[in-house]
Amino acid sequence: MDNREPVLQVRHLKQYFGRKDFKAVDDISFDIYPGEVFGLVGESGCGKTTTGRAIIKLYNITGGEVIFKGQRISAGPRTFTDAIAAEKKASAQRTEELKKSGDAQAVQAEEQRLAAFIQEQKQAAKEARRDQKDCVKLYRERRVREIREEYEPRLAAASGEARHALEKERDARLKEASRENIVTKMQMIFQDPVSSLNPRMTVREIIAEGLRIQGVRDEKYINDQVCQMLERVGLVKEHADRYPHEFSGGQRQRIGIARAVVMKPELIIADEPVSALDVSIQAQVINLLNDLRHEMGLTILFIAHDLSVVKYFSDRIAVMYFGKIVELAGSDELFAHPMHPYTRSLLSAIPLPDPDYEQRRKRIVYQPAIAHDYSQEGPQFMEIVPGHFVSANSAEAARYKAEYGL
Ligand SMILES: Nc1ncnc2c1ncn2[C@@H]1O[C@H](COP(=O)(O)OP(=O)(O)OP(=O)(O)O)[C@@H](O)[C@H]1O
Ligand SMILES: [Mg+2]
């Protein structure tokens, strides 16, 4: 649906917790394109925050991978151990059959094939560990290479003053690239504006912290940035020397937003940024995010438990249920043609300011055991119409298509 390279690619992401492998996030995939607002919606405990935290590397992910700005920044070991286990099992079965047929040569070939496969997976696991650990350095190296390659033909074609100017420009970009930290180009705005701000730090210290960690020492620059950000989020520079408890919930969330945008991020993960706020304040904070998105060219992963909050703000929406994405579509498309029964139940929960509709509105309760018959065939994530994906088995997919008039 978009030919540009996604800002973020999440591939088969798995985040398990504890020795019993509690599957908080269980094999989810999606892309987010430049400038897009991507909504992630689902009820409490379905794994939304965990997804956000996994993306920004607050966890070592269990399986799958996260690719940001074309750089793999996380890759989980389970991808490879699971592949090896599955292949061993399949191979054992094949070997058994080959032995029965008495083909010793084929048995040996199968053993070799398995050994080669395991070797390959181990190599891939090694590369995954390296990307996970060294993504900042690897991204810098790649950018430096790319910038050099970009300027090479241009420099060859130029001479004299023009060439000199071009060299200066290239060197400035190289310097910048060699300092860029890809991980801080993703910033999270947290769910709870009270606990996410350190009560012992002034607003100035809170907003400046990320810059300082990055090694910025220029106090004047830091101060200017803090004041600029405060104004940008609708506060005033006099607020800089106050403490978080002196602010209202909405103002605290603005401070949280300032702390994120001061890092000049390319991707913001906004984790239910308004659900702790009064309804009257919610729209203000959403509007602020929307303005910043256009001014700064931000891409946003917007997390919410309520579809009505994400509807107008999101370009596309993914609906999550118990660690899995059950439906993904353009925002208008999802509201016009919801397919998965869980999405329909979420939609049925949205009240509308229309008394007739409210009289007729029936809350649909999603009960997986009743809604689906997966005894013969389990669900897969399928594209029913272009760009509209749903978790379904073939019978359900046929029904969704029929309902669509296809
Ligand atoms: N560090 C952790 N260790 C163990 N379990 C965890 C951890 N973090 C989250 N979980 C569990 O994973 C599941 C998903 O949690 P998560 O916070 O991602 O949900 P959520 O969708 O953000 O919910 P909410 O809308 O309430 O914020 C929950 O059952 C939670 O208890
Ligand atoms: Mg959460």
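Please read these numbers as outputs of a predicted model, since none were measured by experiment.

This part takes up the site of ligand 1. With respect to spatial proximity, 13 residues lie near ligand 1, and among them Ser44, Gly45, Thr49, Thr50 and Gln191 are the closest. Between ligand 1 and Gly45 there is a distance of 2.7 Å, counted from an oxygen atom to a backbone nitrogen or oxygen. Within the side chain of Lys48, a nitrogen or oxygen atom sits 2.9 Å from an oxygen atom of ligand 1. Coverage of ligand 1 by the protein amounts to 63% of the 640 Å² it exposes when considered alone. The element that contributes the greatest number of residues to the shell around ligand 1 is helix α1 (residues 48-55), accounting for three residues. Split by residue class, the shell around ligand 1 holds four nonpolar, six polar and three charged.

A few words on the domain arrangement of the protein. It is common to give the size of an interface as the accessible area lost on bringing the parts into contact. Domain annotation for the protein reports domain 1 (100-177) and domain 2 (187-296). Just the C-alpha atoms count here: the centres of domain 1 and domain 2 sit 36 Å apart.

Another point: the coordination of the magnesium ion (ligand 2). Protein ligation of the magnesium ion (ligand 2) involves Thr49 (OG1) and Gln191 (OE1), the donor distances falling in the range 1.9 to 2.6 Å. A residue pair is termed long-range when its members are at least 10 positions apart, and Thr49 in helix α1 and Gln191 in the loop between β6 (186-189) and α5 (203-213) qualify at 142 residues. Here Gln191 falls in the partly exposed class, since its relative accessible area comes to 32%.

Moving on: the nonpolar core. Counting 54 residues, the largest nonpolar core has Ile207, Ile257, Phe302 and Leu307 as its most contacted members. When neighbours within four sequence positions are excluded, Phe302 is seen to be in contact with Val37, Phe38, Gly39, Leu40, Ala270, Pro273, Ile286, Leu289, Val309, Val310 and Phe313. Among the nonpolar cores identified, the runner-up in size contains 31 residues, and Val10, Phe30, Leu40 and Tyr139 belong to it.

Sheet architecture is open: four strands sit in the order β2-β1-β4-β5, paired in antiparallel fashion. Single-partner strands in this sheet number two, and they are β2 (22-32) and β5 (71-75). Between one strand and the next, the sheet's axes are offset by a mean angle of 25 degrees, whatever the strand orientation. The sheet contact formed by strand β1 (residues 8-17) and β2 spans eight bridges and is antiparallel. What sits directly across from Gln15, in β2, is Val25. The sheet strands contacting α1 are β1, β2, β4 (63-68) and β5, and the helix crosses β1 at an angle near 115 degrees.

A separate point is the pairing of strand β12 (residues 388-392). The buried count for β12 comes to four of five residues, which makes it a mostly enclosed element. Relative to β12, strand β10 (residues 324-330) runs antiparallel, the two sharing two bridges. Residue pairing in the sheet places Leu328 in a bridge with Phe389 of β12. Pairing of strand β11 (residues 380-385) with β12, which is carried by five bridges, proceeds in the antiparallel orientation. Across the sheet, residue Phe381 finds its bridge partner in β12, namely Ser391.

For the rest of this paragraph, the subject is the packing of helix α3 (residues 104-157) against helix α4 (residues 160-177). Two elements in contact, α3 and α4, have axes whose closest approach is 9 Å; the angle formed by their N-to-C orientations is 175 degrees. Classed by the angle they form, the pair α3 and α4 counts as roughly antiparallel. Listed contacts from α4 to Arg140, Arg143, Val144, Ile147, Arg148, Glu150, Tyr151, Arg154, Leu155 and Ala156 of α3 are Arg163, Leu166, Glu167, Glu169, Arg170, Arg173, Leu174 and Ala177. Tallied by class, the residues present in the contact of α3 with α4 amount to eight nonpolar, no polar and ten charged.

How each quantity is defined
- Sequence positions are assigned chain by chain, starting from 1 and proceeding in written order.
- Labels follow written order: the first chain is A, the first ligand is 1, and so on.
- Since the coordinates come from a predicted model, pLDDT governs what is reported: local features require at least 70, and pairs of side-chain atoms require 80 or more to be given and counted, while whole-chain, interface and lining totals use all residues.
- Side-chain descriptors were evaluated using all non-hydrogen atoms of the structure, hydrogens and water having been removed beforehand.
- Consider each residue's heavy atoms; a residue with any of them within 4 Å of a molecule or strand counts as near.
- Polar contact criterion, stated in full: a pair of N or O atoms within 3.5 Å, where within protein one must be able to donate a hydrogen and the other to accept it, and residues adjacent in sequence count only if both atoms are side-chain atoms.
- Where accessible areas are quoted, they stem from the Shrake-Rupley method and a 1.4 Å probe; at the residue level, only the protein chains shown are allowed to cover.
- Each helix corresponds to a stretch of at least 4 residues labelled H or I by DSSP, and each strand to a stretch of at least 2 residues labelled E; elements are numbered beginning at the N terminus.
- Classification used: nonpolar for Ala, Val, Leu, Ile, Met, Phe, Trp, Tyr, Cys and Pro, charged for Asp, Glu, Lys and Arg, polar for all others including Gly.
- Domain start and stop positions are those given by an automatic or database domain assignment.
- Any nitrogen, oxygen or sulfur atom within 2.8 Å of a metal ion counts as a donor, with the limit raised to 3.2 Å for Na, K and Ca, and since water is left out, coordination shells can look unfinished.
- Each residue's exposure class comes from its accessible area (1.4 Å probe, protein chains only) as a fraction of the maximum for that residue type: buried when under 20%, exposed when over 50%, partly exposed otherwise.
- As used here, the term nonpolar core means buried Ala, Val, Leu, Ile, Met, Phe, Trp, Tyr and Cys residues forming a set that is joined through side-chain atoms within 4.5 Å.
- Note on contacts: a residue pair is in contact if any heavy atoms of the two residues lie within 4.5 Å.
- Following DSSP output, two strands are said to pair if at least two bridges run between them.
- In this analysis, axes come from line fits to C-alpha atoms, helices being fitted only over the stretch in contact, and the angle between any two N-to-C directions falls in the range 0 to 180 degrees.
- If an angle is under 35 degrees, it is roughly parallel; if it is over 145, roughly antiparallel; if it lies from 65 to 115, roughly perpendicular; otherwise it is oblique.

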